[in-house]
Amino acid sequence: MSEPIEFTYRDALRLALRDAMTADSSIIVIGEEVGLYGGAYGVTKGLIDDFGPERLIDTPISEAGLVGAAVGAAMTGLRPVAELMYVDFIGLAMDQIANQAAKIRYMFGGQIGVPMLLRTQGGTGRSGAAQHSQSLEAWIMHTPGLRLAMPATVTDAYVLLRHALTLPDPTVFIEHKALYTQKGILDREQPADWGQAKVLRAGSDLTIVTYSRMVHFALEAAGSLADDGIDAEVIDLRTLNPLDRETIVASVAKTGRALVVTEDTLTAGVSAEIAAILQEEAFDWLEEPVIRLAGEDIPIPVAPELEAGSIPSPARIISTARKLMRR
Amino acid sequence: MNDAPRNSRSTEYYRQLLRVRTFEERVGELFVRGGTAGSMLHLSIGEEAAAVGVTAHMGDGDSFTTHHRGHGIFLARGADPNRMMAEIAGAESGYCAGKGGSMHIADRELGHLGANAIVGGGIPAVIGAGLSARHFKSNAVSVAFFGDGAAQQGVLYESMNMAALWSLPCLFVCINNQYGMGTKIDRSAARTEFEDRATAFGLRGARADGGDVEKVAEVAGELIEAARAGAAGFLVVDCYRFHGHARMDKSPYRDDAEETEGRKTDPLALQRRRLIEDALLSESQCDEIAESVTEEMDAAVDFAIKGRQPAQDALFQDVYAPGQPAPEPVDQRIAKVLAE
Ligand SMILES: Cc1ncc(C[n+]2csc(CCOP(=O)(O)OP(=O)(O)O)c2C)c(N)n1
Ligand SMILES: [Mg+2]
């Protein structure tokens, strides 16, 4: 066993791509600025030196075209990784994702699969304003035929990306722009446990269900809550499709209280789906209504204070948890 | 087929045009009898030369996508009319097990990457197929078939640019039947010389008379050969949509005189005349071909009618690959929730 090494989330993603591309010569990366520039957020930096411009394909600024090309490549023997620079640009490519990639296997009676990965990043944290800060995972989660992963940790960035690059169906992988510099110990050998949520902190008083960057906010909040005598369980969903209902239901059956935390907007968002599941499957154990602490139903403003105010914070997770505990 | 001597090649074109025409006529009749799944049936009568002339140059390993009016293209490329008709009927024995229908036929074996009900939606897939051909160092070409209406969609231009930029083995075929639903091309495009748009992108642009299958085949052959060598192309095939946009459309937006004139651009009639005038076939030999095609397509209708509807348990199959987590049926979820 070699020494555990500290990695950033970004470097773990790059390593996952490098390892996967080394193992599987049918993997190509196609997107804007993925080659020479190294990716808008540096995830693909240097890969062009290892794999060449034929496998790191810099495209014109043509989101529908490049995602559509990935669909066609996936149908004809390649395993493309299409990079969408910001999830906010997904509207331009949505037909290719939702009407083409997601439906091809089904429409064509199971004959042809689309083993492509769409890598992108979302969320606030860099004052990107209304068109560069959104959390649009609900759009993907709403569409049958797509898988969806949103890693929160360095090891998950690696293992989920590696696993996603073995799946037979179109998969969307949404990174968080505020996590790229997050550091952690990378355990490359950890099983991917794709489709399984993880209890990152065990607790007995309430369950905080979350994913992506909010996992870190929730863990921070849980630490403070513990000082206050409130024992919060924190669950990282990791993949939103498949969604691990068993783990969250089992946790709420134990704690009797659920707080769903998302950066994604409140109305018809991911938190609405989780709350509905808990209402259906944990009804008998709920001591209180399921509480949703989600992104506000507004466009994201640029001013840093306003940006921060548009999404949950550790302080608000703490105050909301206290209210839920009637404290 | 394009390497064959003139006699057999011209005869084969005639036979293929006739197969497409007859197939489409049978689809129309099946609809009237209530035998089709749905009414979204777009017939390619009048446009057969584009299908036959281009696919004549395609073979193993090549791929293509089509628009919603794509029966003829796939048939000319070698589809089994039985399985096509069955798919149009929504039967289990169809190409897509009754899940796709007229607008979503595909076939892995013949490189059919799918017909599309999103105007322009299937076009960029040929870029990916072109990248695959390059990656695997094959000689394959990938052809996108679409209409004049789709020629106004943005994704086409993204794709044309990439094909030219990366020198991909791709061909864009715009079947210009003059209409997108009820909108004539001069009401949707200020300039209708679409091949000029192609040359502006650095593609080989060409235009062919869709009333003459031999002309289409000749131009398409040159373009496909160039595309295989990395010079992507764009072909406009001028024709006329003989009937309404879909089966229910009676075309009130155009007058009878125009339709009568438009239907004179008939690749099937021309090819038959040509065969006879050039003494390649006799009247009776042409009729014999027609009889065998009629038999073939009647059999396709019988096959489709006898086809079983897919079983209900197919509903949740193939959303994801076999063995992967599948969607939970609503009733199952309800039962589980209320049982607790
Ligand atoms: C994106 C999209 N917009 C609109 C439609 C509705 N629609 C279906 S066919 C059609 C006309 C298409 O015209 P063209 O591309 O010329 O093909 P044609 O029907 O003439 O073969 C329209 C507007 C659609 N299916 N998809
Ligand atoms: Mg048209």
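Residues numbered from 1 in each chain as written. Chains lettered and ligands numbered in written order. Predicted model: local features only at pLDDT ≥ 70, side-chain atom pairs only at ≥ 80, totals over all residues. Heavy atoms only, no water.

A. Broad picture of the interface of chain B and chain A. Across the boundary between the two partners, chain B contributes 48 residues, which contact 51 residues of chain A. Summed over both partners, the interface of chain B with chain A buries about 3800 Å², with 57% contributed by carbon and sulfur atoms. Of all residues in chain B, B:R108, B:Y320 and B:R333 bury the most surface against chain A, accounting for 16% of the area lost on that side. Where chain B touches chain A, the interface holds 5 salt bridges. A salt bridge links A:E273 to B:R333, with the shortest nitrogen-to-oxygen separation between them at 3.8 Å. The tally of links between chain B and chain A comes to 20 residue pairs in polar contact (both at pLDDT 80 or more). The set of elements that each furnish at least two residues to the side of chain B that touches chain A consists of strand 2 (112-115), helix 5 (125-135), helix 6 (154-165) and helix 13 (330-339) of chain B. Looking at the side of chain B that touches chain A, the element that brings in the most residues is helix 5 of chain B, giving 8 residues. The class makeup of the residues in the side of chain B that touches chain A is 26 nonpolar, 12 polar and 10 charged. (Contact = heavy atoms within 4.5 Å. Buried area = accessible area lost by both parts, 1.4 Å probe. Salt bridge = Lys/Arg side-chain N within 4 Å of Asp/Glu carboxyl O. Polar contact = N/O pair within 3.5 Å; in protein donor to acceptor, adjacent residues only side chain to side chain. Helix = DSSP H or I, 4+ residues; strand = E, 2+ residues; numbered from the N terminus. Nonpolar A, V, L, I, M, F, W, Y, C, P; charged D, E, K, R; others polar.)

B. Spatial organisation of the sheet that holds strand 4 (residues 170-176) of chain B. All names here are of chain B. Read across the open sheet, the 6 strands follow the order 2-1-3-4-8-7; overall the sheet is parallel. Looking at strand neighbours, the two that pair on one side only are strand 2 and strand 7 (204-209), the edges of this open sheet. On average, each strand axis in the sheet is tilted by 15° relative to the strand beside it, whichever way the strands run. Here strand 7 runs beside strand 8 (residues 233-238); their pairing, made up of 6 bridges, is parallel. Residue pairing in the sheet places G205 in a bridge with F234 of strand 8. The sheet strands contacting helix 5 are strand 1 (63-66), strand 2, strand 3 (142-147) and strand 4, and the helix crosses strand 4 at an angle near 155°. In the packing of helix 9 (residues 213-228) onto the sheet, the strands contacted are strand 4, strand 7 and strand 8, and the crossing angle to strand 7 comes to about 165°. (Pairing = 2+ DSSP bridges. Axes fitted to C-alpha atoms, helices over the stretch in contact; angles between N-to-C directions.)

C. Here's a closer look at the pairing of strand 4 of chain B. Residues and elements named next belong to chain B. Within strand 4, 7 of the 7 residues are buried, which leaves the element mostly enclosed by the surrounding structure. The alternating pattern of strand 4 places C170, F172, C174 and N176 on one face and L171, V173 and I175 on the opposite face, and all of these are buried. As judged from the 6 bridges shared by strand 3 and strand 4, these two strands associate in the parallel manner. What sits directly across from A144, in strand 4, is F172. Regarding the hand of the β-α-β motif, the stretch spanning strand 3, helix 6 and strand 4 is right-handed. Here 6 bridges tie strand 4 to strand 8, and the two strands are oriented parallel to one another. Within strand 8, the position partnered with V173 by the bridge is L235. (Buried < 20%, exposed > 50% of the residue type's maximum accessible area, 1.4 Å probe, protein only. Right-handed = clockwise from strand over helix to strand, strands pointing away.)

D. The site of ligand 1, seen in detail. Residues and elements named next belong to chain B. Around ligand 1 lies a shell of 16 residues, among which H68, R69, G149, N177 and Y179 are the nearest. Within the side chain of D148, a nitrogen or oxygen atom sits 3.0 Å from an oxygen atom of ligand 1. Between ligand 1 and Y179 there is a distance of 2.7 Å, counted from an oxygen atom to a backbone nitrogen or oxygen. Calculation on ligand 1 without its partners gives an accessible area of 580 Å², and the protein chains cover 73% of this total. Across the shell around ligand 1, the residue classes break down as 6 nonpolar, 8 polar and 2 charged. (Near = heavy atom within 4 Å. Areas by Shrake-Rupley, 256 points an atom, 1.4 Å probe, with all protein chains shown as cover.)

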